[in-house]
Amino acid sequence: MKDYLAELNEPQYQAVTHENGPLMIIAGAGSGKTRVLTYRIAHLMGQGVDAFNILSLTFTNKAAGEMRHRIEKIIGSEARNLWMGTFHSVFAKILRIEGGRLGYTPNFTIYDSDDSKSLIRTIVKEMKLDDKTYKPNFILNRISGAKNNLISWQAYLENPIFGGEDAAAQMPEIGRIYRTYSMRCFSANAMDFDDLLFNTNILFRDHLDVLNKYQHKFKHVMVDEFQDTNISQYLITRKLSAVHQNICVVGDDAQSIYAFRGANIQNILNFKKDYPELKVVKLEQNYRSTKMIVDAANSLIKKNKNQFEKNTFSDNEEGDKIEVIKAHSDNEEGRIIANNIFETKLNQNLKNQDFAILYRTNAQSRAFEEALRKLNIKYRIIGGLSFYQRKEIKDLIAYLRFTVNQQDEEAFKRIINLPKRGIGDTTVAKIIVTANENNLSIWDVVGDIHKYMEGRATNAIDTFATLIKSYMILLEEDKDAHTMAMHIAKTSGLLHELYVDKTVEGMARHENVQELLNSVKQFVDNPENEDVSLGTFLQTVSLLTNADQDEDGDPDKVTMMTIHGAKGLEFNHVFVVGMEENLFPSQMMLKNRDDLEEERRLFYVAITRAEKKLTLSYAEQRYNWGKLTFCEKSRFIDEIDAKFLKSDERVGITTASTSYDLTSRNPPPQVKPAFKKPEIPVRPGNTRSQVISHLKPVNQAKPAPAHVATQDFKPSDTSNLKAGDKVEHPKFGFGDVKKVEAQGNTSKAIIHFKSEGEKTLLLSFAKLRIVE
DNA sequence: GCTTTGTTCCTTTTT
DNA sequence: GGAACAAAGC
C-alpha cells in the first residue's frame, strides 16, 4: 500500500507525509496538486485517521467525487465517509442539521441569484424607489460583498462609510434594502449563496457547543484552491481547525481569478500570520505542459507586481511555438478553429476530447458551436445557460420547493398562477398586503383564503391551497424525492400543459422536464445517497456547479467553456479565442480598475491548461449584443515574450490547405467580407423574436466617437482637481470641471463634456487626465 | 385577467 | 440577444 509514495518528487513527498500542524502548499499549475491532496488523505487514513474526521473542501462537487474515487482505490470503501465537497454544499449540509439554532428549519430553501434579484426588485418597488437607479445586479453585488466580509445589515447601517459610498453612487437606500432583503429571506426560511457561509459563521460564533462539536469532529481540514476563498470562508476553516491545528491549504496566487466575488489573495499572507508554526511546501515542477508553454506563461505572469516568489519550470519536451491566428470576424474565427481541429485530429491522430476552446464570456460560444456542427465535430459546453435555469425546470422546481417550504415567497410567486388559474397580479398583491397587515405568512392567508378575502379569485386560490396541502401530506409520509416529483409534475398540470403544446419549443420543454424527472430518479437510486428526501434533493440541486453537469456518456467531445470554468483541467491542445481588447481584458476591467492583474492571471490560467499545443485567436470585427464592433488585438498577446510566438499570423482560411474544407459552399470573400448576420441554426428554442430580429436589416456600425482615447490613457492624480480645470476622459472626451465637492471619504466632480454634456463622476473611480 | 407586441436596458467571470 | 416591463387589444 505504501508504494504510491515512491512516485512522488521531494516536495510532493513532504506535503503528503506532513501529518500534524498547519501546512500550506503553493502548487504551481500542473504540479500534481490533485495527486498530492489525494495521496495525503489516503496517507492520513493509512496512519489511522478515521474518514469522518477529515474535511476536504474542493472547488466543485465533481472534483470531490473524483478524489473520493481515487482514494477509494488506494484505501478502500472507507473513503465514502470522508466529508468532501464545495464550501457551499458542505456547510449547507451542516446548516440543515444545526440551522434550528438560528431559526431555520431543515427544509430551508436555497435562493439562487435569480431569486435574490427578483426579491430585490420587489423590495425596491415596495420602497417606491426608482428602479432605474436601483439596479438589482448592483445591489445584490453590494449585499454579497458585505456578507462575504461578514458585515451584517445592522453593521452596514451603523457604519457611515457604507452609507457614504452608497450616497455617492446615488443609492443611499441600499442599507435599508439590505435590511429588508435579509429579513424577507429569513421569513421565507431561505438562504442565498452567501448566507450559507455567513450563517455558518454566525452559527459558530454564537453557538460554541456546535462549534465545539465540529472542531473535535474534523481533526484534519483541507482547502483546495485556497487563493479563491473569501474572508467568510477563511474564517470558517480557521475556526474549525482551531483545536487540532491540522489545516492544510493548497493554492497558487498566480491562479487567483475570483476576486470579483470576494476572494482575497491576502488570505495567503494572513495565513502565515495566523499560523506561526506554518510549514510551507512549494511545488514548482510542471508535469503538464511543454517547456514552450510554461516559459511563455511565465513571461506573461512576471508582468504582475503582486505575486510570491516561485520558479515554475518544466522538464518536458521543448514543444511547438504558440500559434496566433487573426480572423476577419467572429464567425470566421469559429470556422478557422473548427477547421484546425478537423485537420489536427487527422494529422496527429487526436480525439475530440483532446481539444478545448476557452473564452472570456459565455456569449462567445455560438460561433464555435455553429462551425463545429457544420463539420460534424461533437462538442459539449460547460456552463452558460444551465439546464436548471430554464423556465420549465424552474417552474417544476418551484412547485417542489413550495411543497417542502411554504414560506418560500419566490417559489410562491412563480407557481400561484401556473398553469393559469385566473389569479392575476392584482390578486397576488392583495394576498401579500393581507398577509403583511395581519402579520401572517403568505401561506397562512392562502391556506385559509375565505377567512380573509372575497371575490371570484378565492375559489381558484382555494383549489391551489388544497393541491399543495395534498402534496404536504404525501411529504409527511416520507415519500422519496422521485415519487414526489413525479406526482407533482403530473397532478399540478405542468407536464400536461407541455404535453399538449406540440410546437417545437413545447416538445423540447416537455423533454426537459422528463430529463429533470430522470435526474431525480438517479438521485434516489444512487446508493451513495443515504437521504433521498425531496428536501435534500432540492438543496443538492441548487448547489450544483457548472462542472457538475451530467454527461450523456460519450466523453469524446471538444470542450468549450469560459476560462473560469477550466480551472483544474488540462487538454492536449487548447484554443484561447477572442483575444481582443475590451473582451479579454474585459471592458469592465479596463474601465473600473487601475490594474489588470486579475485578467492577466486569468490568461495565465488559460495558457497553462495546454499540455502540448496552444493557439490564440482574435477577430477584427464581431457582433456584440446585436451590434457590429471593430476589435483590436489584445495587449496580452504582446505581453508574451515574442520568441515563444509563431510570428506568421494566418489571415482567414483562404491560405490554409483545406482539402477537407466542408464550408466551401460559403467560400470566404476575397476582399473584405460583407458582414452577414449568422444563420439561425435550426433547433428548438429559437423564439419568434429571434426570427424577427434576424429578418431585420443588419445594424450599421456606429461612426467612431468624436473622441477616442489613446490606448495608453493614463489617469492623472485627481486629488487636487478643482473647478476650472480642463480634463480628458477616455469615453467622454474633453471637458471643463464645473465643481468639485467632497462627500464622506470620496469626492465627486461635475464636469461639462463637449460631446456628452454634464456628467457627475466619482473621483475615486473616474479615469481623468488633467489637460495642461 | 390574459395575450401579444413593442420598448428599454443591460451586457464578465460563479456558488 | 435577451430579460423584464409597459401598453394595447381581446
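As recorded in an unreviewed UniProt entry, chain A goes by the name DNA 3'-5' helicase, listed as coming from Lacihabitans lacunae. We quote the UniProt Sequence similarities (unreviewed entry) comment for chain A here in full: "Belongs to the helicase family. UvrD subfamily."

### Here we look at the pattern of salt bridges
Counted by the stated rule, this structure contains 41 salt bridges. Here Glu 392 ties to Arg 509 by a salt bridge, and the two come within 3.5 Å at their closest N and O atoms. With a gap of 117 residues between them, Glu 392 in helix α17 (residues 391-404) and Arg 509 in helix α25 (residues 504-525) connect regions that are remote in the sequence. Via salt bridges that share partners, Lys 33, Asp 224, Glu 225, Asp 228 and Lys 567 belong to a single interconnected network.

### Side note on the packing of aromatic side chains
Geometry of an aromatic ring pair is reported as the spacing of the ring centres plus the angle between the planes. All told, the structure shown has 24 aromatic pairs when counted by the stated rule. Plain terms: the ring middles of Phe 226 and Tyr 234 are 5.9 Å apart, the flat faces sit at 65 degrees to each other, and that makes the pair edge-to-face. An identical accessibility class is assigned to Phe 226 and Tyr 234; each is buried. With a centroid separation of 5.7 Å and 80 degrees between ring planes, the pair formed by Phe 402 and Trp 443 is classed as edge-to-face. Residue Phe 402 is found in helix α17, and its partner Trp 443 is found in helix α20 (residues 442-446); the two are separated by 41 residues along the sequence. Grouping residues by exposure puts Phe 402 and Trp 443 together as buried. A connected cluster of aromatic rings, assembled from ring pairs, spans Trp 83, Phe 204, Tyr 214 and Phe 218. For the cation-ring pair, Arg 261 lies above Tyr 258, with the distance from its terminal atom to the ring centre recorded as 4.3 Å.

### Remarks on the sheet that holds strand β7 (residues 247-251)
If you trace the six strands from one edge of the open sheet to the other, you get β3-β2-β6-β7-β1-β8, paired in parallel fashion. Single-partner strands in this sheet number two, and they are β3 (83-85) and β8 (279-283). Direction aside, neighbouring strands of the sheet carry axes that sit 10 degrees apart on average. Where strand β2 (residues 54-57) lies against β3, three bridges are found, and the strand directions are parallel.

Thresholds, definitions, all that
- Residue positions are counted from 1 within each chain, in the order its sequence is given.
- Both sets of labels track the order of writing: A upward for chains, 1 upward for ligands.
- Selection of residues for local features in this predicted model requires a pLDDT of at least 70, selection of side-chain atom pairs for listing and counting requires 80 or more, and totals for whole chains, interfaces and linings are taken over all residues.
- Just so you know, side-chain values use all the structure's heavy atoms and leave hydrogens and water out.
- UniProt positions are given in the numbering used here, feature names are shortened, and annotations may be inferred rather than shown by experiment.
- Any Lys or Arg side-chain nitrogen found within 4 Å of a carboxyl oxygen on Asp or Glu counts as a salt bridge.
- The way it works is that DSSP assigns letters per residue, a run of H or I at least four long becomes a helix, a run of E at least two long becomes a strand, and they are numbered from the N terminus.
- Side-chain rings of Phe, Tyr and Trp, where Trp is taken by its six-membered ring, are said to pair if the distance between their centres is within 6.5 Å; with planes under 30 degrees apart they count as stacked, over 60 as edge-to-face, and otherwise as tilted.
- Burial status follows relative accessibility: with a 1.4 Å probe on protein chains alone, a residue under 20% of its type maximum counts as buried, one over 50% as exposed, and anything between as partly exposed.
- Geometrically, a charge over a ring is one whose NZ (Lys) or CZ (Arg) sits within 6 Å of the ring centre while staying within 35 degrees of the ring normal.
- When DSSP finds at least two bridges between two strands, those strands are taken to pair.
- Helix axes are fitted only over the stretch in contact, all axes being lines through C-alpha atoms; the angle between N-to-C directions runs from 0 to 180 degrees.

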